[in-house]
Amino acid sequence: MKPSVFYGKRVNAQPRVRIPPEESEDSCLSDSAGSDEEYVPKTGDEESCSESDRGSSDEENVVKPGDGESSSESDMSSSEEEVQDQDAGDAGSDGKYVPEPGDEESNKSSSDEEVDSTSAQAARKTQKRQNKDKVAWKTVKQTQSSAKKVPEWQGALPDSDTIKQPVDYFRQFFDTELLALIVNQSNLYSTQENPNHALKLDQKELEQFIGTVLYMSVIRLPRSRSYWSKACRVEQVADVMPRDRWEEIKHFIHLNDNTAPNNSDRLFKIRPLIDSLLPKFQALPQDQMLSIDEQMVPFKGRSVLKQYIPKKPYKWGYKIFVLCDTKGLVHSFDVYAGKSDPPPGSQDIGASGNVVLKLAQVSEGSVNHLLYFDNWFSSLDLFVALANRGIPALATVRQNRLRGCSFSEDKKLKKKGRGTFEEQQAVVDRVEVRAVKWFDNRGVIVASTFASAQPVSFIERWDRKQRRKVSVQCPSIITLYNKFMGGVDALDALIAYYRIRIRSKKYYHRFFFHFVDMVVVNSWLLYRRDCDNMNVPRKKQKDLLAFKLSIAQALCMQGKDLSAKKRGRPLSDVEREFKKKQRRGPTKAIPTQDVRADAVGHWPQIDSLRQRCKFPKCTGHTSFKCTKCDVHLCLNKKKNCFRAFHV
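Residues numbered from 1 in each chain as written. Predicted model: local features only at pLDDT ≥ 70, side-chain atom pairs only at ≥ 80, totals over all residues. Heavy atoms only, no water.

1. Regarding the overall build of the chain
In step 1: Counting secondary structure elements, the chain contains 20 helices and 14 strands.
In step 2: Counting across all 647 residues of the chain, residues that qualify as buried make up 41%.
In step 3: The long-range share in the chain, meaning contacts at least 24 apart out of those at least 6 apart in sequence, stands at 61%.
In step 4: Accessible surface for the chain amounts to roughly 38200 Å². Of this, 50% is attributable to carbon and sulfur atoms. (Helix = DSSP H or I, 4+ residues; strand = E, 2+ residues; numbered from the N terminus. Buried < 20%, exposed > 50% of the residue type's maximum accessible area, 1.4 Å probe, protein only. Contact = heavy atoms within 4.5 Å. Areas by Shrake-Rupley, 256 points an atom, 1.4 Å probe, with all protein chains shown as cover.)

Following this line, the structure appears as C-alpha cells:
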C-alpha cells in the first residue's frame, strides 16, 4: 500500500475528468447521431484511469467538518452519474467490444457499482412496501365510551312442528342416492377384483352393515370377529349378518371408480361422499355464533395425507377444517390435502386465511353472523376480507401478524399483576380493528372487528402463593372468545364418546367411518334443537347413546327379514326352553351346551338352600346342585334331571 493513500490526500493529484462517449443512433439514451466506430482503448489509459480512481478515493477519505451530508449526497450523485455514463457508453457502440490488457480492473469496478446501485434500488422498494403496509395503531383509553356494541342477530332459526324418529334424521344425510352410489361402486369394485364372484350388495344390506358398525362403536370388543365368537357373542351384531358376509362387505365397500380419471386429486377415493354430504351440511339453518377450527381423524397408518399436530389429543391423523356453531353442529368442512387455494373471486391472503374464506362462503353477511377462530388462521388481511363480506370476526392473533402494533412485554405486565391488559386500535382499508393483550398466567392477544376490552368483568383464578381464589379482571373480548370458540371441540368430544374403531389399511375406510360418526352427531343435535323448539323437557329427550342405538336398531331391523340370515346349529331343548323363560322374566344364566356336555367336573353337591330345578318344564324343588354349572337340579328316585341336563 502506498503511503500517500494511507495518510490521506495525495499531493498534486490531477482531478479526474470524465469525457462522455459519443452517442449512436441506436442508443436508448439519446436521439443524437454519432459514429459507429468501435472503441479501442489506447495504451496508457489503464494507468491514468487507475491513478484518477485512486485520487478520487483519496479525496473522499478526507472528511471536512460540516460537509458530512453534502459529501454523501455528492458521492451518491456522482456514483449515479458514473453508472448512467457507463450505460450510455455501452449502448452507444454497435461494434463488438474487444478487451485489451488492463481493462479487467475497470470492468470489476463498474460491475461493483452496478451491484451497489441495484441493491440500493431494491432497498428503496422494500422500504416503500413496508411504509405502505405499515398500519398506524393508537392506544385506546379505557372508558365506558370506548366500548363497541356487539352486532345484533338479524336472522332466526326455523320453528319445527314435529319431532322425527332418529333414523329419519340419519337418512336426511345418508339418503337413497348416496346409498345407491355406494352399492353400485362396491359391486363394481368387487367385479374388478374378482369377475367370477359378485358381491351382490343391495341398499338394505348396506344399511344393516352400517347398523352393525354403530353397534360395534357402543359395544367395544378388541377384534371384530369377537362379536361372533362363542365366548363373547353379541346378538345385536351376530344375528343380523354372518361374520364372513360382514367381512366381505367391509373389504369391498367402495366410493369411487378406480378406472375414472382422478386429475391428481388426493381425495379421489372419497370425493363422491364429500360432494354428497357437504351441500346437506351447508343447507342447515345457522345460528349467530360460528367457529372455525381444525379436527383430527385418528390414523397412524401410511398415508400422504397424514398430519402430526402435537397439541391435539390425537396427534396423528387426517386434518379437517370444520365450521360449527357453539354446540358442535357442522355447517361446512374442508379436508386438508395440501395447498389451500382461495375461493373464486377472492384475493389470496395465505393458506390459513383462504381456508376461513372458503368455509365462510355459506354464511350470509346481512344477518350479522359472528365468526370465531384461533391464531393459526388470523391476520389483518383476513379481518378486512371478512368485514368486506359483512361478517364480523374475533380471534386470537400472533404478534408478528399485527403490522406495526407493539404491546408491552410479558415481564412488564407480570409486574403489574394478573388481569392487566392493553388495547390498541387501527383502521385498515376503512375497517376498524381492535387488539387487546391480556395477561393471566401468560400474555394472549385477541383482535376483533366488533368487540373491545370494555366492559370489563371479573373472574376467579387460583393463586398459588396465596393458596386461594382471587378475582381477576377480564376484558369483554376475552370473555366472548372463551364462550363461543369451542364449537369444534364440542363436536370432537361428542364423536369421541362412541367412535367407530374398526381397523383397516385403506385410508378411505377411516374417512367413511368418521363421516358416519359426524352424521350421527349432527342428527342428534338437530333432534335436540327440534325438542327444544317443542318445549320437550331434557329428561324426556334421548341422549346420544340412546339416539345412536335407536339408529342402529332401525338400520338393522326396519324392513328387513332376519329369519334367512340365521345360520349354525339349532338350539337344544334346554336352550330353547331357557330362551322362552327369559322372555317371561329374569332368570339365572345357564352354561352353554358345550360346557354342559363336556363330562368334566360335574359333581352333585347338597346345598343348604332348596331352590327350583333349572331343568326345563320341571317344577320340583331340590337341594342338589352341580358344582361346575352352579344350578339346582333334581336327583332322586323319581326324577334324574341332573343327568338329562348334562347330556
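2. Observations regarding the nonpolar core
In step 1: Formed by 79 residues in total, the largest nonpolar core has its most connected members in Phe-174, Phe-333, Phe-511, Phe-512 and Phe-515.
In step 2: Ranked by residues supplied to this core, first place goes to helix H16 (residues 507–533) with 16 residues.
In step 3: Ignoring anything within four residues of it in the chain, the contact list for Phe-515 reads Phe-174, Leu-273, Leu-277, Ile-320, Phe-333 and Val-335.
In step 4: Trp-137, Val-397, Phe-407 and Val-431 belong to the second largest nonpolar core, which has 35 residues in total. (Core = buried A, V, L, I, M, F, W, Y, C linked by side-chain atoms within 4.5 Å.)

3. A word on the pattern of salt bridges
In step 1: Counting across every chain of the model gives 21 salt bridges.
In step 2: Residue Arg-171 is joined to Glu-207 by a salt bridge in which the shortest nitrogen-to-oxygen separation is 3.2 Å. Taken together, the residues Arg-171 in helix H5 (residues 166–171) and Glu-207 in helix H7 (residues 203–218) connect sequence positions 36 residues apart.
In step 3: Accessibility expressed as a relative area gives 25% for Arg-171, which makes it partly exposed.
In step 4: Exposure remark for Glu-207: the relative accessible area of 12% places this residue in the buried category.
In step 5: A cluster of three or more residues bridged by salt bridges with shared partners is formed by Glu-205, Arg-245 and Glu-248. (Salt bridge = Lys/Arg side-chain N within 4 Å of Asp/Glu carboxyl O.)

4. Considerations on the pairing of strand S11 (residues 457–463)
In step 1: Summarising the sheet, S11 and strand S12 (residues 468–474) pair through seven bridges and their orientation is antiparallel. Within the sheet, the bridge partner assigned to Trp-462 lies in S12 and is Lys-469.
In step 2: Hairpin connection from S11 to S12: four residues lie between these consecutive antiparallel strands, with Arg-467 at a positive phi of about 55 degrees. (Pairing = 2+ DSSP bridges.)

5. Some details on a positive patch on the surface
In step 1: There is a patch of like positive charges on the surface, built from Lys-580, Lys-581, Arg-583, Arg-584, Arg-612 and Lys-617.
In step 2: Counting residues per element, the positive patch draws most heavily on helix H18 (residues 573–584), at four residues.
In step 3: Among the secondary structure elements, Lys-581 is positioned in helix H18. (Patch = residues over 30% accessible without salt bridge, like charges linked within 9 Å, V, L, I, M, F, W, Y side chains within 5 Å. Lys, Arg positive; Asp, Glu negative; His and termini not counted. Charge placed at Lys NZ, Arg CZ, Asp CG, Glu CD.)

Any functional reading would require information that these geometric values do not contain.
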